[in-house]
Amino acid sequence: MEICPCCSVRQTNIFLTYISEESVSHRSLCAPCAEIEAQNDPILRRILADAPHDEPIKVVIDSRELQGHLSVLDDETLDAQAFEMEDGAIEMWEIGADDDEDPFADDGDDADFSDDAFSEAEDDFETEAFGVDPFENGAFEDDFDAKSAVFGVGSRHLRCESCATTWEKIKSDGRCGCSQCYETFGAQLLGVVTRCQRAATHVGKSPTWENKRRLRAQSEAKRHANRLALLQKRLDEAVAAEKYEDAAQLRDKLKSLENE
Amino acid sequence: MRRGGRENDVVLSCRVRLARNLREFAFPHAASTPDLLEIRKQTVRALEKSASQAPAPLVFTPFESVPLWARKSLIDRHLSSRPHIAEDTGRAIAATDDAAFSLLVNEEDHLRFQSLLPGLQLEDAWKLANRMDDALESYFEPRGGFAFSAEWGYLTACPTNVGTGLRASTMLHLPALEIAGKIERARRYVEERGLILRGTLGEGSNCIGHLHQLSNAATLGLTEDDVLLETEAATLELAAQERAAREQLLANFETPTRDAVGRAFGLLRYAHVVSYEEAAQALSMMRLAHEMNWARGVPRQKFNELSVAIRPAFLQVQNGAPLSAAQRDAQRASILRVATEKIKLDGAFEAGL
C-alpha cells in the first residue's frame, strides 16, 4: 500500500490502468480522490458507481473502446499490484522514453516500447485478476493489429487518412506529411514535442478566424452562465414562495440547461 | 571601441522567419506536382492582393526560370536553404530588393515569411513579417486558410517549428571569443536559455570568418514576444562577452593580434588568387581591426556586403555566367583588392613596436 499521490494523506486502494491507442499507463489513487477524478471521466464514473466500497479494486480503462473493466483484488494480487506500481511502470511506453537528443533518432528497436515493458504489460493485462483473457473474449477477434495496438505496436501501422504517411515515415523523415498528421499521430508527436519544445500547448498568435471563434465561445459561455444564474434565482424564489409546481419545472429546465 | 546603437559592432544582421502552411494541401515534400504549382499560383495572387502591405515592391522568381548555379546565391545571401534551391518545380521566392522582406514558396513549409535587417532590430523584423502574415492570412482564409489548431498552433512539416512557426536569429561576429577558446562556453550559455548557436549558414553548417548564428530552439509553448525577448537578451549577452574578450585581446595579446590583422590586410590588398574561406577569415580580421580603431577608410557596412560578395555563387551571379573555381578565386581577389584600396591602418602597423 502506498500513499495517494493526489491528496498525500490516504492510502491508495484503486489501481487504474489507462490504455489508449499507443500507450498504457498506471496510476493508483485513494477512493475519494478517484471519485474526484471520475467527475471528469465518464468511463471511470460509470465503473466506480458499480464498485464495492472500501475494497481495493483494479480498473482498466480502454479509451479506444470507450469502456472499462473492474476487478476486485484479493490480498495476494494486491501485493503484486503494489510491487508493480513501485517498479515505476508508469512511463512504460511513452514515446521517446529513450534519452537520445535527436527526437527522431531511431535506435534500432521499436522506440515505442522496450521488451521489458512489453512482457510486463502482457503479464499485467492477462493477469488472473481479470479472469478472462481480453484477446480471447471476442473483443479483438483474430485481429492482430488490434492486439498490437494495445501494446503500442499499433502506431507503427497507423497511417494518415489524408496523405497516407505512416509513423515510421515521419520518424525517418522528421517531417509530417500534412496538417491532418497532427491529429492522426497526435499522441506520438506529443512525445517528440515534449522533448524538443518548451511546452505542449500553443500560446502565441492565432489566425483571425480562431480569435473570432474564441470570442464567440467566450460570449456563449457567459450567456450560458447568465441563464443558469437567472433560472437558479427564479427557482430559489419559487421555493421560497412555496410554488412547488413552478419550482419543479424550473429545476427540470435548469438541469437540461446544465447538461447542454 | 565603436559601438553602434544597434549592437552592430558584433551583430551583423537579424532575421525573423514565420512558417505557415495551407490547410488544403499536403506539406511540400509530400505534395503532388499539380498541388505545388497550385500553391505557388495562389501565393502569387495573394501577394498581388497584399502588395500595399509590403515594405517595397516584391520581385517574384519561380525557380524554373533560374538555373541551379544561380539559385545557390540565395544561400549566399542567407535567403534560402539547400533543400529548397535543389528543387525547382513549384518552388519560388518573392523578395524586396534589399531582402528586408522575402517569402519562400514550397520550401519545407508552403510559406515562409522572412525579414532580414542589419544590426539588432528583431522587433522591427517581426513587425514586418507579421504584417505580411496577416495580409496573406486574410487572403487565404476564405480559401481554406492556414493550417492551425488551437492545441498545436500553426502546423508545420517539422514538429520542431510547430506552434508560433517563429525562428528569430542574429548573425554574430565573434572573433575574440573564438580566439580565446570561449565559444563552447558561449554555446552552453545560450543552450541553457533555450537557444542554439549554429554555423555561418545556419543548420548543419560550419563556422566561417568567425560568424555564428544564434536562434531560438523552441516554437511551441511560448509566445512570439518570449522568443524575441529571449533571443535579444542572449544576443546582448554574447555581444557583451565578445566585447570583453576583445578588450582582453587588446590588453594581453596585442602583438599577435596585430600580426594577424597585418597579414589579413596583405592578403586582401595584394593577393591575386584567394579561396572563399581564406578571404572570409581575412575579412573577419579586418572587421575586428575596424572595431578596434586600427583600420579606417571603409565603413562597417562594406564588410557585410563583402562577406556576401565573395561567396562562390554570388560571384557567378554578378558575372552573369558560371565560373570555374580558378576564375572565381581570381575574381574574388580582384574584388577584394579594389574594396580594400581605401583602408588605412594606424601608425603602429607602419613603425613597428
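Residues numbered from 1 in each chain as written. Chains lettered and ligands numbered in written order. Predicted model: local features only at pLDDT ≥ 70, side-chain atom pairs only at ≥ 80, totals over all residues. Heavy atoms only, no water.

## A closer look at the packing of helix α5 (residues 122-140) of chain B against helix α8 (residues 224-252) of chain B
Residues and elements named next belong to chain B.
Here is step 1: Remark: α5 packs on α8, axes separated minimally by 10 Å, with the N-to-C direction vectors making an angle of 150°. By the criterion of interaxial angle, the relationship of α5 to α8 is roughly antiparallel. Crossing geometry of α5 relative to α8 is assigned as right-handed. Contacts between α5 and α8 involve Leu 122, Glu 123 and Trp 126 from the former and Glu 224, Leu 228, Thr 231 and Glu 232 from the latter.
Here is step 2: Here the residues of the contact of α5 with α8 are counted per class, giving three nonpolar, one polar and three charged. (Axes fitted to C-alpha atoms, helices over the stretch in contact; angles between N-to-C directions. Helix = DSSP H or I, 4+ residues; strand = E, 2+ residues; numbered from the N terminus. Parallel < 35°, antiparallel > 145°, perpendicular 65-115°, else oblique. Left-handed = near helix turned anticlockwise from the far one by under 90°. Contact = heavy atoms within 4.5 Å. Nonpolar A, V, L, I, M, F, W, Y, C, P; charged D, E, K, R; others polar.)

## Quick look at the packing of helix α1 (residues 31-38) of chain A against helix α2 (residues 42-50) of chain A
All names here are of chain A.
Here is step 1: The geometry of α1 relative to α2 is characterised by a closest axis approach of 8 Å and an angle of 135° between their N-to-C directions. Classified by the angle between their axes, α1 and α2 sit oblique to one another. Side by side, α1 and α2 meet where Ala 34, Glu 35, Glu 37 and Ala 38 of the first sit next to Pro 42, Leu 44, Arg 45 and Leu 48 of the second.
Here is step 2: Here the contact of α1 with α2 is composed, by residue class, of five nonpolar, no polar and three charged.

## Some details on the environment of Gln301(B)
Here is step 1: Inspection of the secondary structure assignment puts Gln301(B) in helix α11 (residues 300-309).
Here is step 2: Note: C-alpha distance between Gln301(B) and Asn8(B) (293 residues apart in sequence) is 9.3 Å.

## Details of the environment of Pro159(B)
All names here are of chain B.
Here is step 1: Within the fold, Pro 159 resides in the loop between β7 (153-154) and β8 (166-173).
Here is step 2: We classify Pro 159 as buried; its relative accessible area is 0%.
Here is step 3: Sequence separation between Pro 159 and Leu 220 is 61 residues; the distance between their C-alpha atoms is 9.1 Å. (Buried < 20%, exposed > 50% of the residue type's maximum accessible area, 1.4 Å probe, protein only.)

## So, the layout of surface pockets
Residues and elements named next belong to chain B.
Here is step 1: Its volume calculated, the second largest pocket comes out at about 560 Å³.
Here is step 2: Forming the walls of the second largest pocket are 25 residues, and the residues nearest its centre are Arg 77, His 78, Leu 116, Asn 304 and Val 308.
Here is step 3: Secondary structure elements with two or more residues in the lining of the second largest pocket: β1 (11-20), β5 (111-118) and α11.
Here is step 4: Broken down by element, the lining of the second largest pocket gets its largest block of residues, five residues, from α11.
Here is step 5: Residues belonging to the lining of the second largest pocket are distributed by class as follows: 13 nonpolar, six polar and six charged.
Here is step 6: Looking at which domains feed residues into the lining of the second largest pocket, each of domain 1 (11-242) and domain 2 (254-350) gives three or more. (1 Å grid on protein atoms, 1.4 Å probe; cavity = no way out; pocket = protein on both sides within 12 Å on 5 of 7 lines; lining within 4 Å. Points joined across faces, edges and corners; volume = space filled by probe spheres on them. Domains from an automatic or database assignment.)

## Regarding the nonpolar core
Here is step 1: Formed by 80 residues in total, the largest nonpolar core has its most connected members in Val16(B), Phe113(B), Leu136(B) and Met286(B).
Here is step 2: Split by domain, the residues of this core number at least three in each of domain 1 (11-242) and domain 2 (254-350) of chain B.
Here is step 3: Not counting chain neighbours up to four residues away, the residues in contact with Val16(B) comprise Phe113(B), Gln114(B), Ser115(B), Leu122(B), Ala125(B), Trp126(B), Ala129(B), Leu166(B), Arg167(B), Ala168(B) and Leu228(B).
Here is step 4: Core analysis: the next-biggest nonpolar cluster, separate from the first, contains 22 residues, Cys160(A), Val192(A), Val162(B) and Leu220(B) among them. (Core = buried A, V, L, I, M, F, W, Y, C linked by side-chain atoms within 4.5 Å.)

## A closer look at the confidence of the model for chain B
Close reading of the predicted structure is inappropriate where its pLDDT is low.
Here is step 1: Here chain B shows a mean pLDDT of 93. Residues at 70 or above account for 97%.
Here is step 2: Interface scoring of the predicted complex returns ipTM 0.87; its pTM is 0.70. (pLDDT = per-residue confidence, 0-100.)

## Some words on the sheet that holds strand β2 (residues 59-62) of chain B
All names here are of chain B.
Here is step 1: A sheet is described by the order of its strands in space; here eight strands give the open sequence β2-β3-β4-β5-β1-β8-β10-β9, paired in antiparallel fashion. At either end of the open sheet lies a strand with only one pairing partner, and these are β2 and β9 (195-198). For this sheet, the mean inter-axis angle between neighbouring strands, taken without regard to orientation, is 20°.
Here is step 2: For β8 and strand β10 (residues 211-216), the ladder comprises five bridges, and the chain directions are antiparallel. Residue pairing in the sheet places Met 171 in a bridge with Gln 213 of β10. (Pairing = 2+ DSSP bridges.)

## Here's the deal with the interface of chain B and chain A
When the parts come together, some accessible area is lost, and that loss is often what is quoted as the size of the interface.
Here is step 1: At the interface, 42 residues of chain B touch 30 residues of chain A.
Here is step 2: When the two sides are added together, the surface that chain B and chain A hide from each other amounts to roughly 2900 Å², 60% of it contributed by carbon and sulfur.
Here is step 3: Counting the surface chain B buries against chain A, the share from its top three residues, Phe148(B), Trp152(B) and Pro159(B), is 22%.
Here is step 4: Linking chain B to chain A there are three salt bridges.
Here is step 5: Between Arg198(A) and Glu230(B) there is a salt bridge, with the nearest N and O atoms lying 2.9 Å from each other.
Here is step 6: Taken together, the links from chain B to chain A amount to 18 residue pairs in polar contact (both at pLDDT 80 or more).
Here is step 7: Of all the secondary-structure elements, those providing two or more residues to the side of chain B that touches chain A are α5, β7 and α8 of chain B. (Buried area = accessible area lost by both parts, 1.4 Å probe. Salt bridge = Lys/Arg side-chain N within 4 Å of Asp/Glu carboxyl O. Polar contact = N/O pair within 3.5 Å; in protein donor to acceptor, adjacent residues only side chain to side chain.)

## Let's talk about empty space enclosed by the protein
Residue and element names in this part refer to chain B.
Here is step 1: Counting across every chain of the model gives three cavities of 30 Å³ or more.
Here is step 2: Its boundaries defined by the atoms lining it, the largest cavity holds a volume of some 110 Å³.
Here is step 3: Lining the largest cavity, in full, are Leu 12, His 173, Ile 208, Gly 209, Leu 211, Tyr 276, Ala 280, Leu 283, Ser 284, Arg 287, Phe 303 and Ser 307.
Here is step 4: Breaking the lining of the largest cavity down by element, the ones donating at least two residues are α10 (276-291) and α11.
Here is step 5: Here the residues of the lining of the largest cavity are counted per class, giving seven nonpolar, four polar and one charged.
Here is step 6: Three or more residues apiece are contributed to the lining of the largest cavity by two domains, here domain 1 (11-242) and domain 2 (254-350).

## Let's talk about the side chain of Glu224(B)
Here is step 1: Note that Glu224(B) resides in helix α8.
Here is step 2: Buried within the structure, Glu224(B) lacks any salt-bridge partner; its nearest side chain of opposite charge belongs to Arg20(B), at an N-O separation of 5.2 Å.
Here is step 3: With residues near it in sequence (within four places) discarded, Glu224(B) still touches Gly204(A), Lys205(A), Trp126(B), Thr164(B) and Leu166(B). (Lys, Arg positive; Asp, Glu negative; His and termini not counted.)

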